[in-house]
Amino acid sequence: GAVVSQHPSRVICKSGTSVKIECRSLDFQATTMFWYRQFPKQSLMLMATSNEGSKATYEQGVEKDKFLINHASLTLSTLTVTSAHPEDSSFYICSARDSEDSNYGYTFGSGTRLTVV
Amino acid sequence: GQNIDQPTEMTATEGAIVQINCTYQTSGFNGLFWYQQHAGEAPTFLSYNVLDGLEEKGRFSSFLSRSKGYSYLLLKELQMKDSASYLCAVDTSGTYKYIFGTGTRLKVLA
């Protein structure tokens with residue numbers, strides 16, 4: 001089945017620094033990927049839709065200048081959390097779909113646990 | 001607005017059957033998905049319904065009624081490893097941009 005690789009799995013950074021999270025689709029091309037954020041004991045909240053070769057579409061309330069998304073190729077999307085603050089600490093997950101997979105569902109990356117200190 | 005509701009927590013006994021409900025009110029509907037998520041891990045796909053009725057996959061079944069805005073996930077022969085959160089998600093626009101429900105934390109007791 002389709003595999004999505006997300007890196008790093010855990011990162012701790014200082015307030016004010018930036019952190020980049022990578023999401024790669026392995027063995028399939030993904031023109032669209034989605035980025036989610038999940039706080040403890042809560043469900044996934046969609047942050048943005050990442051489109052290959054064009055600007056990302058952000059959900060209401062998500063600051064596009066703070067959460068920079070780059071989808072430069074058909075297999076890679078990156079999310080950069082700029083000027084991180086402790087309230088940005090969360091579990092970030094990407095997802096992508098292999099259009100040739102009859103499974104219908106999206107495949108999620110393994111997630112990145114971000115802690116800002 | 002978009003609203004997807006699930007019970008917050010459920011408890012069941014090993015070997016039993018449990019039904020997790022999901023009700024939704026969304027601006028559009030192009031399919032409903034169920035995902036399983038263990039603590040600290042990414043969700044994994046369980047099932048997909050776009051037409052009314054029951055979809056069965058081994059120990060897991062999912063039901064959909066579009067007229068009622070209602071779905072349920074049925075887990076049979078519960079095992080300890082089934083202890084996880086179960087997320088209901090709706091594709092509202094046909095673009096696979098999901099809206100997730102609040103999630104149901106299921107505890108399976110020995």
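The structure presented is a predicted model; accordingly, all values stated were derived computationally and were not measured.

## Digging into the overall build of chain A
Then comes step 1: Scanning chain A from terminus to terminus reveals 0 helices and 11 strands.
Then comes step 2: Sequence-ordered secondary structure for chain A, helices as α and strands as β, is β-β-β-β-β-β-β-β-β-β-β.
Then comes step 3: Taken along the three principal axes of its C-alpha coordinates, chain A extends 40 × 30 × 25 Å.
Then comes step 4: A separation of at least 24 residues holds for 53% of the contacts in chain A among residues at least 6 apart in sequence.
Then comes step 5: Element-wise, carbon and sulfur atoms account for 48% of the exposed surface of chain A, whose accessible area totals about 6,000 Å².
Then comes step 6: Seen as two clouds, the 11 positive and the 11 negative side-chain charges of chain A have centres 9 Å apart.

## With respect to the state of the cysteines
Then comes step 1: Inspection of every chain in the model, using the stated rule, returns 2 disulfides over all chains.
Then comes step 2: Here C23 of chain A is linked by a disulfide to C94 of chain A, with a sulfur-sulfur distance of 2.0 Å. Taking the torsion about the S-S bond as the criterion, the C23 of chain A to C94 of chain A disulfide, at about 80°, is right-handed. Of the two residues, C23 of chain A sits in strand β3 (residues 19–26) while C94 of chain A sits in strand β9 (residues 90–96), which places them 71 residues apart along the sequence. Grouping residues by exposure puts C23 of chain A and C94 of chain A together as buried.
Then comes step 3: Between the sulfur atoms of C22 of chain B and its disulfide partner C88 of chain B the distance amounts to 2.0 Å. Because the sign of the S-S torsion sets the handedness, a value of about -60° for the bond joining C22 of chain B and C88 of chain B places this disulfide among the left-handed ones.

Each value, and the rule that gives it
Along each chain, the written sequence defines residue order, and numbers are assigned to residues from 1. Written order determines the labels here, with chains lettered from A and ligands numbered from 1. This being a predicted model, a pLDDT of at least 70 is required before a residue's local features are given, and a value of 80 or more before pairs of side-chain atoms are given or counted; all residues contribute to the totals for chains, interfaces and linings. Side-chain metrics rest on all non-hydrogen atoms present in the structure, leaving aside hydrogens and water. Secondary structure elements are defined from DSSP: runs of H or I of at least 4 residues count as helices, runs of E of at least 2 residues count as strands, and each element is numbered from the N terminus. In what follows, a contact means two residues having at least one pair of non-hydrogen atoms within 4.5 Å. In these tables, accessible area is a Shrake-Rupley quantity obtained with a 1.4 Å probe, and a residue counts as shielded only by the protein chains included in the view. Think of it this way: Lys and Arg go in the positive column, Asp and Glu in the negative one, and His and the chain ends go nowhere. By convention, the charge on Lys lies at NZ, on Arg at CZ, on Asp at CG and on Glu at CD. Cysteine sulfur atoms are paired as a disulfide whenever they come within 2.5 Å of each other. Working definition: with a 1.4 Å probe on protein chains only, accessible area under 20% of the residue-type maximum means buried, over 50% means exposed, and in between means partly exposed.

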